[in-house]
Amino acid sequence: QRRGPSQIPAFALPALPSEQMKSAVERSWEKVQALGTYTVGEILYRHTFTIMPEAIHLFPQEVRLKYREWSPDEGNDESNTYESPALRKLFSKFVNAVGCAVVGLHDSTRLVPMLTELGARHINYGVNEAHWETLGKAFKSALREILRESFTQE
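Residues numbered from 1 in each chain as written. Predicted model: local features only at pLDDT ≥ 70, side-chain atom pairs only at ≥ 80, totals over all residues. Heavy atoms only, no water.

## Comments concerning the confidence of the model for the protein chain
Applicable threshold: For every residue, the predictor reports its confidence as pLDDT, a number between 0 and 100. Runs of E in the DSSP output that reach at least two residues are strands. Runs of H or I that reach at least four are helices, and both are numbered from the N terminus.
Averaged over every residue, the pLDDT of the protein chain is 80; the share at 70 or more is 82%. Per-element averaging of pLDDT across the protein chain places helix α5 (residues 108–123) at the bottom with 79 and helix α2 (residues 37–51) at the top with 93.

Next up, the structure:
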């Protein structure tokens, strides 16, 4: 039987979060949101490049310039990638996507297609499975840093 994009594969069913886990994630996410997506984005990209320094090559200056706000308080210097306002914005988009996933925890029929589409778009940017694994590890490290003692594996 062919599976539609909104159906959850059978192998993933045992990994579905319980209602208690969903509530814990939502409570934790409120703490993350309190910092703001740009701050969390910066924490995330710093962890990402610590784990996989070569991933920085996915974000050359011409890519970063596409994500500039061009506001006077943002600054114009993109020469230092590690202090890049554009990277904060770019990684904050990932943080926003996670926020959408947290909101969608109670409706996997909408969540799975949204995340599948998001992943498919990034194939065109040279992002491969190793990059996603690294981003997952970096996000976990960022959450551990942000949540401190309230961080759990869920």
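## Details of unusual backbone geometry
Operational definition: Burial here depends on accessible area, computed with a 1.4 Å probe over protein chains only, as a share of the maximum for the residue type. Under 20% is buried, over 50% is exposed, and the range in between is partly exposed.
For Arg-148, which is not glycine, the phi torsion reads 50° and is therefore positive. With respect to the helices and strands, Arg-148 occurs in the segment after α6 (129–147). You can call Arg-148 exposed: its relative accessible area is 62%.

## A look at the pattern of salt bridges
As a reminder of what qualifies: The working definition used for a salt bridge is a side-chain nitrogen of Lys or Arg within 4 Å of a carboxyl oxygen of Asp or Glu.
Considering all chains together, one arrives at three salt bridges under this definition. Taking the shortest distance from any N to any O, the salt bridge between Glu-42 and Arg-46 comes out at 2.8 Å. Taken together, the residues span about one helical turn, with Glu-42 and Arg-46 both in helix α2 at a distance of four residues. Across the pair Arg-88 and Glu-42 runs a salt bridge, and its minimum N-O distance is 3.6 Å. In this pair, Arg-88 sits in helix α4 (residues 85–103) while Glu-42 sits in helix α2, placing the two residues 46 residues apart along the sequence. Through salt bridges with shared partners, a single network forms among Glu-42, Arg-46 and Arg-88.

## What about the side chain of Arg-64?
The condition is simple: A 3.5 Å cut-off defines polar contacts: any pair of N or O atoms within that distance qualifies, except that in protein one atom must be a possible hydrogen donor and the other a possible acceptor, and neighbouring residues in sequence count only when both atoms are side-chain atoms.
By the element assignment, Arg-64 lies in helix α3 (residues 61–66). A polar side-chain atom of Arg-64 sits 2.7 Å from the main-chain carbonyl oxygen of Phe-59.

## Comments concerning the environment of Ala-55
Definition in use: Contact between two residues is taken to exist if any of their heavy atoms lie within 4.5 Å; hydrogens are not considered.
Tracing the backbone shows Ala-55 in the loop between α2 and α3. The spacing of Ala-55 and Ala-130 is 75 residues in sequence and 9.9 Å in space, taken between C-alpha atoms. If we ignore the near neighbours within four places in the chain, the residues touching Ala-55 are Phe-49 and His-131.

## With respect to the nonpolar core
Convention followed: We call a set of buried Ala, Val, Leu, Ile, Met, Phe, Trp, Tyr and Cys residues a nonpolar core when their side-chain atoms join them within 4.5 Å.
Counting residues in each nonpolar core, the largest one holds 25 residues, and the members touching the most others are Trp-29, Val-32, Leu-44, Phe-49, Leu-87 and Phe-91. Secondary structure elements with two or more residues in this core: α1 (19–35), α2, α4 and α6. Among the elements that take part in this core, α6 stands out by supplying seven residues, more than any other. Setting aside its immediate chain neighbours within four residues, Phe-91 contacts Gly-41, Leu-44, Tyr-45, Thr-48, Phe-49, Phe-59 and Leu-135.

## Topic: α4
The line we're drawing: For a helix, the expected span equals 1.5 Å multiplied by the number of residues minus one.
When the terminal C-alpha atoms of α4 are compared, their 27 Å separation across 19 residues agrees well with the 27 Å that a helix rising 1.5 Å per residue should span. Regarding α4, its N-cap is Ser-84, as a side-chain oxygen of that residue lies 3.2 Å from the backbone nitrogen of Ala-86 further along.

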